[in-house]
Amino acid sequence: MNQLKSSFTKRNFKAGAMSVTLMAVAVAVVIFINLLVNALPASFTKLDVTSAKLYKLSKEGEELIASFDEEITIRYLVSDESKDDYVDELLHRAAAANAKIKLVTIDPVLHPEQVTNYTSLGQNSFVVVSGKRERAVNYNDLYQTKYYYEGQEISAETYSQYAAYYQYGMTQTAPQSERSFAGETALASALAYVTTDQVPVVYTLSGHGEIAMDSKLSEYLSNDNVDVKTLQLATADEVPADANAVLVMAPNSDLSESERDRLNAYIQSGGHVIVYTYYNYGVGDHLKELLRTYGMESVDGLVMETDATMYNGMYYSLYPRILNHEFTKELSGKYLFAPIAHGIKETEQVPEHVTVEPLLETSDDSFARVGFGEDDDITSVEKTDADAAGPFMIGASAIYAPEEGEAGRVTWYATPYLTNTLYDDNGAISELFLATVESTCEIETSVSLATKKITAEQVVAATSDRIIWGLILVGAIPLAIFALGLCIWMKRRKK
């Protein structure tokens, strides 16, 4: 017993006890420092060394996110093994940038009962929630892919065609694709949407074979926090009171008399109706009456342009003159593709309180060709006596300004191709559409943040450089190593 007690007083024991104590203290310090570092914002603990700063908020984005002054919760739907680093960093850095933002991670695999309202959302999606409303952001919408051929943006279908041509040697130029991360814009737009006091609403008329809104244009409106809803005016008593604008998207059948009257009442109460029409369907009688009420009427036939500076290839592939107007101010220096259009002109007598403003116009040398049949030559530019002479308006806007009450507006574009972003290689179609539709929308927060490119640049070396480096790497370096080894071997052999 005495021997056991004495062993605790020996120098070796004391030294060992001191070592164990120091190690325990060191481990505790390391754990404490690790917990402290983990509690710090990601901006202090994780450095973004990517060239596009993919893991870091842009200066504009950080300032915008920090500016929201309401309690907001972001529900991040993801399991640990499925996390997308870009999305994960975006949300954590956003929460660090604004103390009002609370980030809650929900594992949809472990807790399916918490995501019953979001079954359509995939992993890495998130839902932004405030006391006013919420918006879900799907993971698939956080990435964008653009396709190019010889520097011009093309559609995904055209990209596939060119890729096949290149594969089989039918072209020497390969199409390119560029993928980018648009999460910052999607998050900032969602934050603005859930905190704004009133969300603008645009209605699209339905029931007459109208075309669907282009997906990119719909996305742009969503990013600007404009709600797009469908309007069945035939069964409604009136245009809804919350409508900032009503879109009539190229109907192939006429409006009813009651629909005409309801749209007219909406305009005269200060509303904005935006109409797109086909040349070959013409304009139905009731729609024609509505437009004539505001000093505009259609010109029968397909507009043909003979001014070489205002068409491309075919004479109906128009590049009309862009006139100065609040809707076209962002189009300065750009061209606008408006093919297969009919003409618009003022009525002989413009009604009282109405002012017609031209937006797009053809040249004095243009004309409208009527009634193409099997024997008609669409490529001919010889004007006949049956063809109406230009110039024509391709786009026009009429303001109804009564002495009392709010001013209403009707805007008319004579081709639905002005809603098709497949032909929007310079952004002019999108800018004209958004300027027209959003002219009566009070947008509190404009969200326009740059996307971040994640496609790596391909380094293409010249043929001569490839040959030289091939000889160096495949020939010169292996021969040098072999010669050095042979010299060492011979030197050792002589000893």
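Heads up: the structure comes first, above all this text.
Residues numbered from 1 in each chain as written. Predicted model: local features only at pLDDT ≥ 70, side-chain atom pairs only at ≥ 80, totals over all residues. Heavy atoms only, no water.

1. Points about the overall build of the protein
Working step 1: Across its full length, the protein carries twelve helices and 23 strands.
Working step 2: Within the protein, the proportion of its 495 residues that are buried is 39%.
Working step 3: In the protein, once contacts between residues fewer than 6 apart in sequence are set aside, the share between residues at least 24 apart is 77%.
Working step 4: Per element, the accessible surface of the protein, about 28000 Å² overall, is 52% carbon and sulfur. (Helix = DSSP H or I, 4+ residues; strand = E, 2+ residues; numbered from the N terminus. Buried < 20%, exposed > 50% of the residue type's maximum accessible area, 1.4 Å probe, protein only. Contact = heavy atoms within 4.5 Å. Areas by Shrake-Rupley, 256 points an atom, 1.4 Å probe, with all protein chains shown as cover.)

2. Things to note about helix H10 (residues 285-292)
Working step 1: Of all the residues in H10, the buried ones are Leu287, Leu290 and Leu291. Here the buried residues of H10 occupy an arc of 95° about the axis, which is enough to place them on one side.
Working step 2: Check the buried side of H10 and you find it contacts helix H9 (257-268), strand S11 (272-276), strand S12 (296-299) and strand S22 (408-413). (Arc of directions from axis to C-beta.)

3. Details of the layout of surface pockets
Working step 1: Estimates place the volume of the second largest pocket at around 450 Å³.
Working step 2: Taken together, 21 residues line the second largest pocket, and the ones lying closest to its centre are Ala241, Asp242, Ala243, Asn244 and Thr440.
Working step 3: Mapped by element, the contributors of at least two residues to the lining of the second largest pocket are strand S10 (243-249) and H9.
Working step 4: If you tally residues by element for the lining of the second largest pocket, the top one is H9, at three residues.
Working step 5: For the lining of the second largest pocket, the residue count by class is eight nonpolar, seven polar and six charged. (1 Å grid on protein atoms, 1.4 Å probe; cavity = no way out; pocket = protein on both sides within 12 Å on 5 of 7 lines; lining within 4 Å. Points joined across faces, edges and corners; volume = space filled by probe spheres on them. Nonpolar A, V, L, I, M, F, W, Y, C, P; charged D, E, K, R; others polar.)

4. Examining the sheet that holds strand S4 (residues 134-137)
Working step 1: If you trace the four strands from one edge of the open sheet to the other, you get S2-S1-S3-S4, paired in mixed fashion. Both outer strands of the open sheet, strand S2 (101-106) and S4, are each paired with one neighbouring strand and no more. Neighbour-to-neighbour, the strand axes of the sheet open up by a mean angle of 15°, direction not taken into account.
Working step 2: Sheet topology places strand S1 (residues 72-77) next to S2; six bridges connect them, and they run parallel. Bridge pairing in S2 places leucine 77 opposite isoleucine 106.
Working step 3: Sheet contacts for helix H7 (residues 183-195): S1, S2, strand S3 (125-129) and S4; angle to S4, the most-contacted strand, approximately 165°. (Pairing = 2+ DSSP bridges. Axes fitted to C-alpha atoms, helices over the stretch in contact; angles between N-to-C directions.)

5. A few points about the environment of alanine 407
Working step 1: By secondary structure assignment, the location of alanine 407 is in the loop between strand S21 (393-400) and S22.
Working step 2: The contacts of alanine 407, once residues within four sequence positions are left out, are Gly270, Ile399, Tyr400, Ala401 and Pro402.

6. Brief notes about unusual backbone geometry
Working step 1: Here the bond from glycine 390 into proline 391 is cis, since omega is 5°, no more than 30 degrees from zero.
Working step 2: By secondary structure assignment, the location of proline 391 is in the loop between strand S20 (388-389) and S21.
Working step 3: A positive phi angle is found at histidine 353, which is not glycine, with a value near 70°.
Working step 4: Tracing the chain through its elements places histidine 353 in the loop between strand S17 (343-346) and strand S18 (354-361).
Working step 5: Looking at histidine 353, the relative accessible area reads 30%, which means it is partly exposed.

7. Focus: the packing of aromatic side chains
Working step 1: Taken as a whole, this structure holds 13 aromatic pairs when the rule is applied.
Working step 2: On the basis of an interplanar angle of 5° and a centroid distance of 3.9 Å, the ring pair of tyrosine 149 and tyrosine 162 is categorised as stacked. Placement of the pair is tyrosine 149 in strand S5 (residues 143-149) and tyrosine 162 in helix H6 (residues 156-167), with a sequence separation of 13 residues.
Working step 3: Judged by relative accessible area, which is 11%, tyrosine 149 ranks as buried.
Working step 4: Residue classification places tyrosine 162 among the partly exposed residues on the basis of a relative accessible area of 25%.
Working step 5: Aromatic ring contacts, followed pair by pair, group Tyr319, Tyr335, Phe337, Tyr417 and Tyr423 into a single cluster.
Working step 6: The positively charged end of arginine 133 is found above the aromatic ring belonging to tyrosine 193, 5.6 Å away from the centroid.
Working step 7: A cation over a ring is seen here: arginine 135 above tyrosine 193, with NZ or CZ 4.1 Å from the ring centre. (Phe/Tyr/Trp six-rings, centres within 6.5 Å; stacked < 30°, edge-to-face > 60°. Lys NZ or Arg CZ within 6 Å of the ring centre and 35° of its normal.)

8. Things to note about the pairing of S3
Working step 1: Within S3, five of the five residues are buried, which leaves it mostly tucked inside the rest of the structure.
Working step 2: Side chains Ser125, Val127 and Val129 project from S3 onto one buried face, and the interleaved Phe126 and Val128 project onto a second face that is buried too.
Working step 3: Bridge analysis of S1 against S3 gives five bridges, and the strand direction is antiparallel. Of the residues in S3, the one forming a bridge with leucine 77 is serine 125.
Working step 4: What sits between S3 and S4 in their antiparallel hairpin is a turn of four residues.

9. Remarks on the packing of helix H5 (residues 85-97) against H7
Any two packed helices are characterised by how steeply their axes cross, that is the angle between the axes, and by the distance between the axes.
Working step 1: Contact pair H5 / H7: the axes reach a minimum separation of 10 Å and the direction vectors enclose 45°. In terms of orientation, H5 and H7 fall into the oblique class. Along this stretch, H5 crosses H7, giving a crossing that reads as right-handed. Within the contact between the two elements, H5 uses Leu90, Leu91 and Ala94 and H7 uses Gly183, Glu184 and Leu187.
Working step 2: Classifying every residue of the contact of H5 with H7 by side-chain character gives four nonpolar, one polar and one charged. (Parallel < 35°, antiparallel > 145°, perpendicular 65-115°, else oblique. Left-handed = near helix turned anticlockwise from the far one by under 90°.)

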